[in-house]
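# Close look at the chain arrangement
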Amino acid sequence: MRPRASLPVAALAATLALAALTGCTRNQPAGAGAASEGGITVTAADDSCAVSTATATSGTSVFSVTNTGTRATEFELVAKDGLTIVGEIENIGPGLTRSLSVQAQPGSYTTMCKPGMTGSGVGRAAFTVTGEAVALSGDAKQLADAAATRYVSYVRDQADQLLTATRAFAASYASGDAATAKTEYPAARAYYERIEPIAESFGDLDPQLDAREGDVAEGADWTGWHRIEKDLWAPDGKPLDGAAREQAAEFLVEKTQDLKDRVDAASFTVTADAISNGAIGLLDEVASSKITGEEEAYSHTDLWDFKANVEGAEVAYRGVRDIAAGKDAALVRSLDARFAALDALLARYGSLEKGFQPYTDLSKADVKALSDSVNALAEPLSRLTAAVLG
Amino acid sequence: MVRERRGGGTRDRQGVSRRGLLRGFGLGALGAGAGAATALGAEHAVAASAVPPADRIHPFHGAHQAGIVTEAQDRLYFAAFDLAEGLAKADLVQLLRDWSAAAARLTAGRGVGDEPVSQGDYAAPPEDTGEALGLSPAGLTLTFGFGPSLFDDRFGLADRRPDALVDLPAFPGDALIAAASDGDLCVQACSDDPQVAVHAIRNLSRIAFGRATMRWSQLGFGRTSSTTRAQVTPRNLFGFKDGTANLKAEDTALVQREVWVGDDGGWMAGGSYLVARKVRMRMETWDRQSLQDQEQTIGRTKPEGAPLSGGTEFTAPDFAAKGDGAPLIPAASHVRMAHPSENGGAQLLRRGYNYADGNDDLGRMDAGLFFIAFQRDPRRQFIPIQQRLASADLLNEYVVHVGSGVWAVPPGAAKGSYVGATLLS
């Protein structure tokens, strides 16, 4: 597959906590004057952090933070305990303005800036929110926690099944049983394709496991699934010898074990927006490389990957659906309908259980219909993360 | 912030915009030229030549759709769309509502969606794609049409298909490519800035995902017709002036008779019919013809565009005039074959564009004319004229028609309504 923007699993962990605490935290780049309508302006210099007002009424407060300093900065709204960050906006480059929306309850807070993104902060000032308590929609934190727990379990389960299936495939391939290996290949890959954004988030693993021939720099080693695919389906008069096959099979198992170990680690967490972004990423994957039939250039088992990507996206979507539903019911209705439509269309060509037609059997019109259906889903799906965070 | 123009937030907050200043200068400098066009008062016909082209805004709402008698802009992006399988009629209506709302914004020089790109949700893709940020309205018009296929059994519209919306017959010499022909819907985007036209079609296409997909599209880089007298006649890729005798917006009685569907036209009253033909030109061959052959083929002089019977560009051709026994304008020349006097008075409002799509495998330019014509009834206008041309026009040796389509272009939308409301409401 093509290298694409990875899913920052760990980096987003803080956002989940935030979203849960405040019910609404949205970081936005702001054009000049974004805060003009009742917003609060913050001037963040290298040694000060001037907030235009020290009070606000409960509800959504919008801070428009302009970095007048020389280093990247962040702005934080901290709860009375001095530890809990109620809202923050990071990575504001010098000269830039970004806005932060916070739904804060009445109480006492502290505002501060962190030039250079480290240290204890500058320009600490008291900030008071008055008025009535704000009712948070649903039980935001519980929903987000539950979604994260469910998704982590799903990823671990898929990685576990992937390892089992990969071992069997590798054994068949290494022993020279090409016929069995060819049957096992697309089925094993489905586990990988369902959680591909997670594998990609580890940076090094996906290129080692899933690179296509054209992705590899000249002179670099080509390893993983597609190296073996080429050997199985298109030996090109130069099949790998027994030792090379064994080495390729071993490497595949070793790296898959690595993937499983990483998702099994206690430190492996995901956030609600990361889950949503994973769903979007999987559909993008389908729209850019599966639909063209370039992923499985030799085996033509693209429809297995296609289906697994869509399933993975659907699981991720289901995980955050309730969170999004409370905020954008129309979006959720449209996503439900379009996932169903794409599933129905894919079912015309087979299933993961019974197998799919080779991608090369599809007519141009068939591919166009699939592409239309993917686009119809991908467009509203691109707004899911905003709805989850919103 | 819905007032914001494409330029982004900063411009509106200044008392006098940079663009406003420019417009002021333009009026002073060019005011003298405005008379002819502004005296008309016909809707959309006036391009107010005093306003610099970049700042022109053609209102989207009105009795007729803009982009027909509107002074022909320099650039085109034309797209045909097919509706999604299983789409309900209500979805079609909503699509046309969404398109109309977006078109009203785009033609006014704004982006789609309420939020400027700079202030949208950071976690969501921007509503507008952004490539027209900072660009002027550039005279953008968006003109929507309904193809014959819209009137099949999908939406229950079969009995509303206008008689005039016939399938075009096969013309001799046609080499039509299905992937460059027809479509349930068409959108003609014309602008003086190609990026503005592409931006419009791209965003309309994005709005349509799940409801309609682009079937084919065509970029046109230079207009080949004048639709007002104030405009200089442009040249096609054969190097000849094209559209000298075109219907002009100023010919109000003719426009009424030849372009707009009359009050008896039911839901099409105030609409028009658009025929598009992608005409590939065999330029390498043409360029090897002597000047005499080229002029005999066209029937006009190359530099001036005067008819070979004499005079200047706008002198009426005299087909009876003879030189050495033979007519000065050959009987099968393009100008004669296409002339209203040879076609029972039928005329077209042509609005075509030159195109260049790269080259073919043999290194020949894949270029030509993307012909667009508006008319009241293709059965009386385009079809008989083209049948005549296709059978005998000397020009046929150098052109081949590769794309084709006909669409019913409904009347303009009133404010708060949408294009197609007369058919679908």
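So, on to the overall build of chain A. Counting its regular elements, chain A contains 12 helices and 12 strands. Buried residues in chain A amount to 49% of all 390 residues. Pairs at least 24 residues apart make up 73% of the contacts formed inside chain A by residues separated by at least 6 positions. In the structure as shown, chain A presents an accessible area of about 16,100 Å², 52% of it carried by carbon and sulfur atoms.

Let's shift gears to the domain arrangement of chain A. When its domains are assigned, chain A resolves into domain 1 (22-135) and domain 2 (136-390). Of note, the centres of domain 1 of chain A and domain 2 of chain A, computed from C-alpha atoms alone, are 39 Å apart.

Residue and element names in this part refer to chain A. Counted at 1.5 Å a residue, the expected span for helix H9 (residues 302-325) with its 24 residues is 34 Å, and the 32 Å between its end C-alpha atoms agrees. The largest bend in H9 amounts to roughly 45 degrees and is located at Gly319. Counting buried positions over the 24 residues of H9 gives 18, a clear majority of the element.

Residues and elements named next belong to chain A. One open sheet accounts for five strands, arranged E4-E10-E9-E6-E7; its pairing is mixed. For this open sheet the edge positions go to strand E4 (55-57) and strand E7 (85-92), each flanked by a neighbour on one side alone. For this sheet, the mean inter-axis angle between neighbouring strands, taken without regard to orientation, is 20 degrees. In terms of strand pairing, strand E6 (residues 73-78) meets strand E9 (residues 107-113) through four bridges, oriented antiparallel. Bridge pairing in E9 places Phe75 opposite Cys113.

A separate point is the state of the cysteines. Counted according to the given criterion, the structure contains one disulfide over all chains. Covalent S-S linkage joins A:Cys49 and A:Cys113, the inter-sulfur distance amounting to 1.9 Å. When the S-S torsion is 55 degrees, as for the bridge of A:Cys49 with A:Cys113, the disulfide is right-handed. Taken together, the positions of A:Cys49 in strand E3 (residues 49-51) and A:Cys113 in strand E9 put the pair 64 residues apart, joining distant regions of the chain. Like A:Cys113, A:Cys49 is buried. With no disulfide partner, B:Cys186 has as its closest neighbouring cysteine sulfur the one in B:Cys190, 11 Å distant.

Criteria and thresholds
Residues numbered from 1 in each chain as written. Chains lettered and ligands numbered in written order. Predicted model: local features only at pLDDT ≥ 70, side-chain atom pairs only at ≥ 80, totals over all residues. Heavy atoms only, no water. Helix = DSSP H or I, 4+ residues; strand = E, 2+ residues; numbered from the N terminus. Buried < 20%, exposed > 50% of the residue type's maximum accessible area, 1.4 Å probe, protein only. Contact = heavy atoms within 4.5 Å. Areas by Shrake-Rupley, 256 points an atom, 1.4 Å probe, with all protein chains shown as cover. Domains from an automatic or database assignment. Expected span 1.5 Å × (residues − 1). Bend = angle between axes of the 7 residues up to and from the residue. Pairing = 2+ DSSP bridges. Axes fitted to C-alpha atoms, helices over the stretch in contact; angles between N-to-C directions. Disulfide = S-S within 2.5 Å.

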